[in-house]
Amino acid sequence: MIAVLSGGVGAARLLSGLVDVVEPESVVAVVNTGDDLRWNTLYVAPDLDTVTYTLAGLNATTGWGLEGESWRTLETLDRFGAPTWFGIGDMDLATHLYRSEQLAAGRTLSEVTAAIARSLGVRANIVPMSDQPVRTMLTLDGGDEVDFQEYFVHHRHSVAISSVRFAGIEDATASVGALGALEEAESIILAPSNPIVSLGPILALEEISSLLRRRRDHVVAISPIIAGAALKGPADRMLTELGHESTAFGVAELLAHVASAMVIDNADAALAPRIAALGYRVTVRDTVMRDRSTSAALAAATLDLVQTLPIDRA
Ligand code: GDP
Ligand code: CA
């Protein structure tokens, strides 16, 4: 079994290649739910949906939502004067209707996530990090606190932040599926996802971080930062704003307590000695996932690195 701590797009790209190099049924994606929100009363889970739609081969090229969407619901809401900055397409809407109804009927988020994935033909396992609500909240420069979607979508992540917290984290427990997978997996991959707001909420669950600390020898991270920049989204600026180095080394520092191996891009070869000095085994290679075959090659190289035991333990 291979477990993958996952945010949205970066993780989905990796997973789409990983299922080509190992049995899809042996993969468990443990997905961030800190971005989840209520949209017109419906429960929306952006990272779960990105991972699910991508593994089902239904994802849009934008990285979120479904290919071939229509927007008639949103256009009609707009006529009512309702806010439409959060885009939900007509087909996507069905996912949120179904999930919300099932949650209201008493099923867990884990159960509904599995049911949706199965219905869409996904063979890999997709589990939320927790069945309880955890909400990523960001304090903007200036002092206002906003939830993740307001920062990410409404403000188009163009505003500086001064801090991040995960509301509800003290009362949340890791899902049974997440803990089981992380305990049993021969390898655990930290996907190239935003280390602060995608991996951050998952690692903020104490049961998960203590389990990973104990199993650190089996944990490998892939840097989402290449040559000091994120390929997409605000990870680079967030690192800087929160006082970290906006490089693969900065990511390595953040994850050093839970990971013992790291894959960094060729562009960052010069950082390898500094990352190794933190206690990592390092592989340097192309990490840009352009298509399914480059994703599969990165997934294979990542497994090779983590499945080679450190010399002093071999
Ligand atoms: P979100 O939840 O959709 O914002 O996505 P994630 O947190 O999973 O992913 C955002 C991060 O993925 C960004 O920091 C990107 O740099 C990184 N990312 C996206 N595609 C790739 C890729 O092909 N290779 C690498 N190394 N990182 C990527
Ligand atoms: Ca996300």
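Predicted model only: the values in this text are computed from it and were never measured. Each chain has its residues counted from 1, following the order in which its sequence is written. Ligands are numbered from 1 and chains lettered from A, in the order in which they are written. Restriction of local features to residues with pLDDT of at least 70 applies here, the model being predicted, together with a cutoff of 80 or more for giving and counting side-chain atom pairs; totals for whole chains, interfaces and linings are based on all residues. In computing side-chain values, all of the structure's heavy atoms are included and hydrogens and water are not.

Peer 1: Can you tell me about the site of ligand 1, naming the residues and giving the values?
Peer 2: The local shell around ligand 1 holds 21 residues, among which Arg13, Ser198, Pro224, Leu231 and Thr287 are the closest. Whenever a nitrogen or oxygen atom comes within 3.5 Å of another N or O atom, the pair is scored as a polar contact, on the condition that within protein one atom can donate a hydrogen and the other can accept it, and that pairs from neighbouring residues in sequence are kept only if both atoms are in side chains. Backbone polar atom of proline 192 to an oxygen atom of ligand 1: 2.8 Å apart, as the coordinates give it. Contacts to ligand 1 include methionine 289, whose backbone N or O atom sits 2.8 Å from an oxygen atom. Where accessible areas are quoted, they stem from the Shrake-Rupley method and a 1.4 Å probe; at the residue level, only the protein chains shown are allowed to cover. Computed on the free molecule, ligand 1 has an accessible area of 590 Å², of which 95% lies beneath the protein chains in the complex. A cavity here means a set of 1 Å grid points, computed over protein atoms only, where a 1.4 Å probe fits but cannot escape. A pocket is an open set with protein on both sides within 12 Å along at least 5 of 7 lines, and lining residues have an atom within 4 Å of a point. A pocket or cavity is taken to hold a molecule when more than half of that molecule's atoms are within 2 Å of the pocket's grid points. A molecule is said to occupy a pocket when more than half its atoms come within 2 Å of that pocket's grid points, and by this definition ligand 1 occupies the largest pocket. A per-element tally of the shell around ligand 1 places helix α1 (residues 9–21) first, with 4 residues. Residues that form the shell around ligand 1 fall into these classes: 10 nonpolar, 8 polar and 3 charged. By convention in this text, a residue qualifies as near a molecule or strand provided that one of its non-hydrogen atoms is within 4 Å of it. By definition, any uninterrupted DSSP run of H or I lasting at least four residues is a helix, any uninterrupted run of E lasting at least two residues is a strand, and each is numbered from the N terminus. Gly falls in the polar group here, along with every residue not listed as nonpolar (Ala, Val, Leu, Ile, Met, Phe, Trp, Tyr, Cys, Pro) or charged (Asp, Glu, Lys, Arg).

Peer 1: Describe the nonpolar core, listing the residues and the values that go with them.
Peer 2: Take the buried Ala, Val, Leu, Ile, Met, Phe, Trp, Tyr and Cys residues and link them wherever side-chain atoms come within 4.5 Å; each set so joined is a nonpolar core. When accessible area is computed with a 1.4 Å probe and restricted to protein chains, residues below 20% of their type maximum are described as buried, those above 50% as exposed, and intermediate ones as partly exposed. Counting 53 residues, the largest nonpolar core has Leu5, Val30, Leu182, Leu190, Leu212, Leu255 and Ile275 as its most contacted members. The element that contributes the greatest number of residues to this core is helix α11 (residues 248–255), accounting for 5 residues. If we ignore the near neighbours within four places in the chain, the residues touching isoleucine 275 are Ala248, Phe249, Ala252, Met262, Ile264, Tyr280 and Val282. Membership of the second largest hydrophobic core comes to 33 residues, among which are Ala11, Ala117, Ile126 and Val263. Residue contacts are defined here by distance: any two heavy atoms, one from each residue, within 4.5 Å place the two residues in contact.

Peer 1: Can you break down the sheet that holds strand β13 (residues 261–265) residue by residue, with the values?
Peer 2: Two strands pair under a simple rule: DSSP has to find at least two bridges between them. Read from one edge to the other, the open sheet built from 7 strands follows the order β5-β2-β1-β9-β10-β13-β14, with strand pairing classed as parallel. Unpaired on one side and paired on the other, β5 (125–128) and β14 (281–285) mark the two borders of the sheet. Direction aside, neighbouring strands of the sheet carry axes that sit 20 degrees apart on average. Where strand β1 (residues 2–6) lies against strand β2 (residues 27–31), 5 bridges are found, and the strand directions are parallel. Along β2, the bridge assignment pairs leucine 5 with valine 30. Between N-to-C directions, angles span 0 to 180 degrees; the directions come from axes that are lines fitted to C-alpha atoms, helices contributing only their stretch in contact. Each of β1, β9 (187–190), β10 (219–222), β13 and β14 touches helix α13 (residues 292–307); the most contacted strand, β14, lies at about 160 degrees to it.

Geometric descriptors of this kind do not, in isolation, establish any biological role.
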